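# Summary of structural features
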Amino acid sequence: MHGGGVAPDSLPRATDYHVKLNRNIDGHRDRYSGHREHLMRLLATVGGAPSIGIFGAGNCTDLDAQQLAADFSEIHLIDVDAEALERGRESFPPAARDRVVTHAGIDLSGFEDRIDEWGDRFPDATELGRAAVASIRSILSQIGRTFHVVLSDCILSQLPIAYRRAWVTSRTNWSSLFTAITAVHLGSLVGSLERGGRGAIACDALGSKTAPELRDRVEATPEELQQFVKDGLAQGKFALDPDPASLLNGLAVPGLRALVDSPQVTEPWLWDTGDLLLVYGLLFRRT
């Protein structure tokens, strides 16, 4: 199942990929301004709180550091890339930086240390399920605390990339892996929330490389974007990945259902990264 040219030490190799990616996008703050406004509006629906944990914070290029510093007493940045988190921390006002805590070296996909092992032999459903539960526990242990608010910052679509770069495998295996990665991420978000805390997930679900017609909808209203997606799905032109409906279903599985209240999907917006991305927000509360 391995692709060509795969080196040993899967976790350092996967981490190195994320580091290079974050270095490449570090200077895109101006380009991300529209997306940043939407993302901060998503957080505004949650409201200020004593603490926030931002999963996939990276360089914080798409975050309004000044607004975060005003709305939260503690800001915790969580990512695998230590260099990016330090750049992110430096983007905050100097007087607020002592309230910004970085949690580096955390593989939010849960399985990057097994890329080589699973590239040779993909696990069956039972083994994959056990590994997912262990990964959630490991992530929560590494973070070491809970928060009043959590934000998943458009990281979910990025989590499978290291595996895609390393493997050639079946559609069934990809589907099983993506389902497990999503379960790890949702479980980590819910598990890191205080009781009564609020969760927000921003996820890019479609890009103009897959749906070039998105380029013609830069000025579209949310309602027009929703109609575009509805028509495209009905005509089989594309699929949403991740599908916001599947994320809602993921929050309703037996292990999370009793811990999550009032999950909902927001209207979509567009994010220009060079590729034009369709982004959805999801909101929920920890019971």
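Residues numbered from 1 in each chain as written. Predicted model: local features only at pLDDT ≥ 70, side-chain atom pairs only at ≥ 80, totals over all residues. Heavy atoms only, no water.

### Topic: the nonpolar core
With 53 residues, the main nonpolar core has Phe 111, Trp 167, Leu 177 and Leu 278 as its most contacted residues. For this core, the element with the highest residue contribution is helix α8 (residues 171-191), accounting for eight residues. (Core = buried A, V, L, I, M, F, W, Y, C linked by side-chain atoms within 4.5 Å. Buried < 20%, exposed > 50% of the residue type's maximum accessible area, 1.4 Å probe, protein only. Helix = DSSP H or I, 4+ residues; strand = E, 2+ residues; numbered from the N terminus.)

### Points about unusual backbone geometry
Peptide bonds are mostly trans, and most non-glycine residues show a negative phi. A cis amide bond links Asp 241 with the next residue in sequence, Pro 242, at an omega value of 0°. Inspection of the secondary structure assignment puts Pro 242 in the loop between α9 (222-234) and α10 (244-251). Of note in the backbone geometry, Cys 60 takes a positive phi value of approximately 65° without being a glycine. What makes Cys 60 buried here is its relative accessible area of 1%.

### Topic: the packing of aromatic side chains
The description of an aromatic ring pair rests on the distance of the ring centres and on the angle between the ring planes. Following the criterion strictly, the structure yields eight aromatic pairs and no others. On the basis of an interplanar angle of 75° and a centroid distance of 5.1 Å, the ring pair of Tyr 32 and Trp 271 is categorised as edge-to-face. Taken together, the residues span a long stretch of sequence, with Tyr 32 in the loop between α1 (10-25) and α2 (33-46) and Trp 271 in strand β7 (residues 269-272) at a distance of 239 residues. The same class applies to Tyr 32 and to Trp 271, which are both buried. Site record: aromatic cluster; members linked through ring pairs are Phe 111, Trp 118, Phe 122, Tyr 163, Trp 167, Trp 174 and Phe 178. (Phe/Tyr/Trp six-rings, centres within 6.5 Å; stacked < 30°, edge-to-face > 60°.)

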